[in-house]
Each structure stands twice: as C-alpha cells, then as structure tokens.
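Below, each chain spelled out in residue letters.
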Amino acid sequence: MIPNTFGIPATADRYEVLRTQQELVSLLRGGGLCDAPCLVVGSGSNIVFTGHYPGTVVHLENKGIRLLSESDGTLFVEAAAGEVWDDFVRHCIAQGWHGVENLVAIPGTVGASPVQNVGAYGSEAKDVIDSVLAYDIATGEPRTFTHAECRFGYRDSIFKGELKDRYIVWSVTYRLQRVFEPRVGYKALSDALASAGIANPTAQQLADTIAEIRWSKLPRPEQTGSAGSFFKNPVVPAAKYTELHACYPDIVAYPVAADSYKLAAGWLIEKAGWKGRTQGRCGVYEKQALVLVNRGGCTGQEVVALANAIVADVQAKFGVTLTPEAIIV
C-alpha cells in the first residue's frame, strides 16, 4: 500500500521507491516522470487519497544526517528527505544541536518540512531551515534553494505554490545552535512546564513536555488513522476578530500582525458542534476537533464529505472559511 497515515488503501499507475541519489537521477534523466502526474510521499502523514492516482507516486526512503560545519556556535546540519522527522529532531537533541525541540512528535519526514513549513508550539520549520536541495522533475538537474527562495508562509512554501509538482526535495540543511534557548511562549506549553515545576527546562525536558501535550490530545498514527491537523488555523482581519470576540468572549485567537488575528480552527469546529461526531466511517477526534480520524475502513471520499460539511457549518456560524492543511489527492 502507498504509505499514508490515514490508512486509506491507495493505488497508482506506477510506484517508485527511491533510496539513493543515483536512483533518483536515473529516474528523472530517463524522462520517467515527465509524461504523467507525479506525487512525492514520505510517510504520507498529510495526504488523503480519494481514489486511484493517475500517475507516478515516488516514495523517498533516502537516509542520512550529518554535521556540515560549525562556526561561533552555529551549526549547519544536513538531513536526507526520507528521514523520519521525529527521529531527526530527537537525534539533534541528543547531539546538542538546538532549535527544533518545539517541533518534536510531528508525524512525517524531513522532506515535508520545507514543503509544508511544519510548525507547532510557537516554532516553524522556516525558523531553522537554511537551504533545500531539490531536483527538477523535468530536467533531472539539482538546485539548491536558499531560505529566501523557499518563500515560506504559514504552512506554505514555493514548493506548494509556484513550483508545485516541479521539484523533488532530496535533502534539507538546517541552521541550528550549540546554545539552547527554550521557546516557551506558547500558553499550553508554559502552563504544562509550570505544572511540572520546571522553571528552566533542558532541551530534553522541553521536547518531552511537548510530546506529552501532543499525544494527550492527538491520536497516535500507529493506533488511529488520521492526517494530523486537518485544517489550517484561519487568519482574519482585526475587525472580524473584534466582531467574533463580542459574540464569543472565549474565542481562542492569537495576534499575528497589527491588523490580523489567527483563530484556532479546532475551537471553531468544536463550537460548531462537530467534536466527537461521526459521518459515515470518518469522524472528528474526541480530544481535538482539528483532527479527522478513520473510524474503520473509511474512504477518501468520506473524509472529503465530512471536511466539506464542517467547512460549511463553520462558514455559516462564524463567517470564517476553513481551508485544509491536509493534501487531498
């Protein structure tokens, strides 16, 4: 089965597993990916398959983590796209390479981190990515993208926009630090640390606390099928936030600029009455309304139908449009 954490059986016209750079270059320069759509997957942690894929699915399983250089406490660490993201984060912590602690326990692979600009608990991948090595699907030529060239946005990058389906990310270089500076501004995190009596957390304590918070409200992929956080947290103008806050004083929101706020999509979904509900064989997770789960044997069409129903209800109740973070294929 093509890997995907939702546990939906998926097929494609062609399925290629790549472990070496030579395999990738041979496939690309042989023109093997030019005549049909191409989908690149790692662990498939943010993908929902709705049917047979009419093209080639490329599954990256290349491995390797290495320290490229260190200067004045700044380290440049390269990781292969096929590395499991959480393994990479924990390897960095063990080595004393700091900056990724808040991104612990996020399902997926290293290759997805720049594409999706993964983020959690006040940190995003863009905070530590220095450059990305990717291969042009049409020509087979490598290109190194600088941080600026990646055009990172909220759960977004050039690889999801202008260059979508045009490049395969092969490795990522991160700019990390020898000195640990904990990021504890996220309220749920600071509250958890305070409850544990930890005033000055080590990198390991910070990561362990974040992982404990995540798994207390999110399903473990090996136990329950899901694509993690299914929707993006919507960003609305300050005027819209003020309007909503007047009606719902308990609304969960965070200022992201002088004139805009990021609303908690999970709060909106829960207030719309969807938390814990099931439609067909797909449901909304009981502990976190932002997560859609496989109740057993669900199809991609059932996931999309549930997502569409939630979007419609949130729009009707709050006048806010939710957009999927998950990729619908």
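The coordinates are above.
Residues numbered from 1 in each chain as written. Predicted model: local features only at pLDDT ≥ 70, side-chain atom pairs only at ≥ 80, totals over all residues. Heavy atoms only, no water.

S.K.: I keep staring at the sheet that holds strand β14 (residues 253-257) and nothing clicks. Help me out?
M.R.: To summarise the sheet geometry, strands pair through backbone hydrogen bonds and adopt either a parallel or an antiparallel arrangement. One open sheet accounts for three strands, arranged β13-β15-β14; its pairing is antiparallel. One side of each edge strand has no neighbouring strand; the edge strands of this open sheet are β13 (235-237) and β14. Here the average twist between neighbouring strands, direction ignored, is 35 degrees. Direction of pairing for β14 relative to strand β15 (residues 260-263): antiparallel, over a ladder of four bridges. Looking at the pairing, Ala253 lines up with Leu263 of β15. The strands that helix α6 (residues 238-247) touches are β13, β14 and β15; relative to β13, the one it contacts most, it runs at about 95 degrees. (Pairing = 2+ DSSP bridges. Helix = DSSP H or I, 4+ residues; strand = E, 2+ residues; numbered from the N terminus. Axes fitted to C-alpha atoms, helices over the stretch in contact; angles between N-to-C directions. Contact = heavy atoms within 4.5 Å.)

S.K.: Help me understand the pairing of strand β10 (residues 142-146), please; the structure alone is not making it clear to me.
M.R.: It is a general feature of regular strands that their side chains alternate between the two faces of the sheet. Relative to β10, strand β9 (residues 129-136) runs antiparallel, the two sharing five bridges. Note on β10: the bridge partner recorded for Tyr135 is Pro142. Counting the residues that bridge the hairpin from β9 to β10 gives five residues, and of these Gly140 lies at a positive phi of roughly 80 degrees.

S.K.: In this structure, what is going on with the packing of aromatic side chains? I would like to understand it.
M.R.: For any two aromatic rings, the description comes down to two numbers: the centre-to-centre distance and the angle of the planes. Tallied over the entire structure, the rule returns 12 aromatic pairs. Ring centres 5.9 Å apart and planes at 55 degrees place the aromatic pair Trp85 and Tyr174 in the tilted group. Note that Trp85 is positioned in helix α2 (residues 85-95) and Tyr174 in strand β11 (residues 167-177), a separation of 89 residues in sequence. Residue classification places Trp85 among the buried residues on the basis of a relative accessible area of 2%. (Phe/Tyr/Trp six-rings, centres within 6.5 Å; stacked < 30°, edge-to-face > 60°. Buried < 20%, exposed > 50% of the residue type's maximum accessible area, 1.4 Å probe, protein only.)

S.K.: Looking at this model, I keep getting lost on helix α8 (residues 300-318). Mind explaining?
M.R.: Because an α-helix packs 3.6 residues into every turn, residues spaced three or four apart end up facing the same way. With 19 residues, α8 extends 27 Å from end C-alpha to end C-alpha; this agrees with the ideal 27 Å at 1.5 Å per step. Along α8, the positions that sit buried rather than exposed are Gly300, Glu302, Val303, Leu306, Ala307, Ala309, Ile310, Val314 and Phe318. Where α8 is buried, its residues meet β3 (47-48), α6, α7 (265-271), β16 (278-279), β17 (282-284) and β18 (291-294). (Expected span 1.5 Å × (residues − 1).)

S.K.: How should I be thinking about the layout of surface pockets in this particular structure?
M.R.: Volume-wise, the second largest pocket comes out at about 760 Å³. Along its surface, the second largest pocket is lined by 36 residues, and Leu39, Val40, Val115, Asp165 and Ile327 are the ones closest to its centre. Among the secondary structure elements, those contributing two or more residues to the lining of the second largest pocket are β2 (38-41), β4 (53-60), α3 (112-116), β11 and β19 (327-328). In terms of residue class, the lining of the second largest pocket is built from 22 nonpolar, nine polar and five charged. (1 Å grid on protein atoms, 1.4 Å probe; cavity = no way out; pocket = protein on both sides within 12 Å on 5 of 7 lines; lining within 4 Å. Points joined across faces, edges and corners; volume = space filled by probe spheres on them. Nonpolar A, V, L, I, M, F, W, Y, C, P; charged D, E, K, R; others polar.)

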